[in-house]
Each structure stands twice: as structure tokens, then as C-alpha cells.
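Letter by letter, the chains look like this.
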Amino acid sequence: MAPGAHAILLLDQAGWHMTAKLSVPSNITLLPLPAKSPELNPVENIWKFMRDNWLSNRVFTSYKDIIDHCCFAWNKLIDQPWRITSIGLRDWAHRS
């Protein structure tokens, strides 16, 4: 971060994110998302996109088959950084 900058980090309310044992630098503010609101978490939208496009309506024949399909989907997604941006973009976060 630039000198004097302050970051706000959105996070879900997983126990390891909310523990008092977590050491947070003074220039970072943790902002927990409301409970039971996965639609606000951009990562949840990424998983939904992957399921909807490459992982749903399949019968997996083995554990290895599951891993192979998930790796294929993940690699296909990371080859499309513009798609990750569009899925994770929140218009409200860019309004002034």
C-alpha cells in the first residue's frame, strides 16, 4: 500500500476471520459482510459461475474425475481475467 493509505477488507463471518487472535494492522479495517448473504461475497459468484458453466449436470465417475473437472474449470476461468473482473465487480463500490 502507498504510505498513509488505509484499506477496507470485506470478509465473511467465518470464525477464523472474526477471532480476536487475528492481528490486523492499524491501516486495515475489517468490514464483515452480513451473515447468510453469500450474494454479497464476490467469491461466491465465481463459484456459482463455475458450477453453472462447467461443473453442473454431470455424473462424476470417481474422485479423480471430480478433481480433473474442477481443475479444468479453474484453469479455464483463470485464462479469462476479464470474466473474473466482471463477475466480482460491484457497481456500488465504485460510486462516489
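Residues numbered from 1 in each chain as written. Predicted model: local features only at pLDDT ≥ 70, side-chain atom pairs only at ≥ 80, totals over all residues. Heavy atoms only, no water.

A. Local environment of the packing of helix α2 (residues 42–55) against helix α3 (residues 63–78). Two elements in contact, α2 and α3, have axes separated by 10 Å at closest approach and are oriented at 115°. Comparing their axes, α3 and α2 come out roughly perpendicular. Between α2 and α3 lies a crossing whose hand is right-handed. Touching I46, W47, F49, M50, W54 and L55 of α2 are H69, C70, F72, A73, W74, K76 and L77, all from α3. (Axes fitted to C-alpha atoms, helices over the stretch in contact; angles between N-to-C directions. Helix = DSSP H or I, 4+ residues; strand = E, 2+ residues; numbered from the N terminus. Parallel < 35°, antiparallel > 145°, perpendicular 65-115°, else oblique. Left-handed = near helix turned anticlockwise from the far one by under 90°. Contact = heavy atoms within 4.5 Å.)

B. Looking closely at unusual backbone geometry. Although it is not a glycine, N57 adopts a positive phi angle of roughly 55°. In this structure, N57 sits in the loop between α2 and α3. Under the relative-accessibility criterion, N57 is labelled exposed at 82%. (Buried < 20%, exposed > 50% of the residue type's maximum accessible area, 1.4 Å probe, protein only.)

C. Structural detail: the nonpolar core. Residues I46, F49, M50, W54, L55, A73, L77 and I87 constitute the largest nonpolar core, which totals 8 residues. The leading source of residues in this core is α2, at 5 residues. When near neighbours in sequence (up to four residues on either side) are disregarded, L55 contacts M50, F60, H69, C70 and A73. (Core = buried A, V, L, I, M, F, W, Y, C linked by side-chain atoms within 4.5 Å.)

D. Looking closely at the pattern of salt bridges. Within the structure shown, the criterion is met by 2 salt bridges. A salt bridge links D68 to K64, with the shortest nitrogen-to-oxygen separation between them at 2.8 Å. Residue D68 and its partner K64 are located together in helix α3, separated by 4 residues, close to a single helical turn. (Salt bridge = Lys/Arg side-chain N within 4 Å of Asp/Glu carboxyl O.)

E. Examining the packing of α2 against helix α4 (residues 81–88) more closely. Interaxial distance between α2 and α4 falls to 8 Å at its minimum, and their mutual angle equals 125°. As the angle between them shows, α2 and α4 are arranged oblique. Two packed elements cross with a definite hand, and for α2 against α4 that hand is right-handed. Here P42, N45, I46 and F49 of α2 lie close against α4, whose contacting residues are R83, I84, I87 and G88. Split into classes, the residues belonging to the contact of α2 with α4 amount to 5 nonpolar, 2 polar and 1 charged. (Nonpolar A, V, L, I, M, F, W, Y, C, P; charged D, E, K, R; others polar.)

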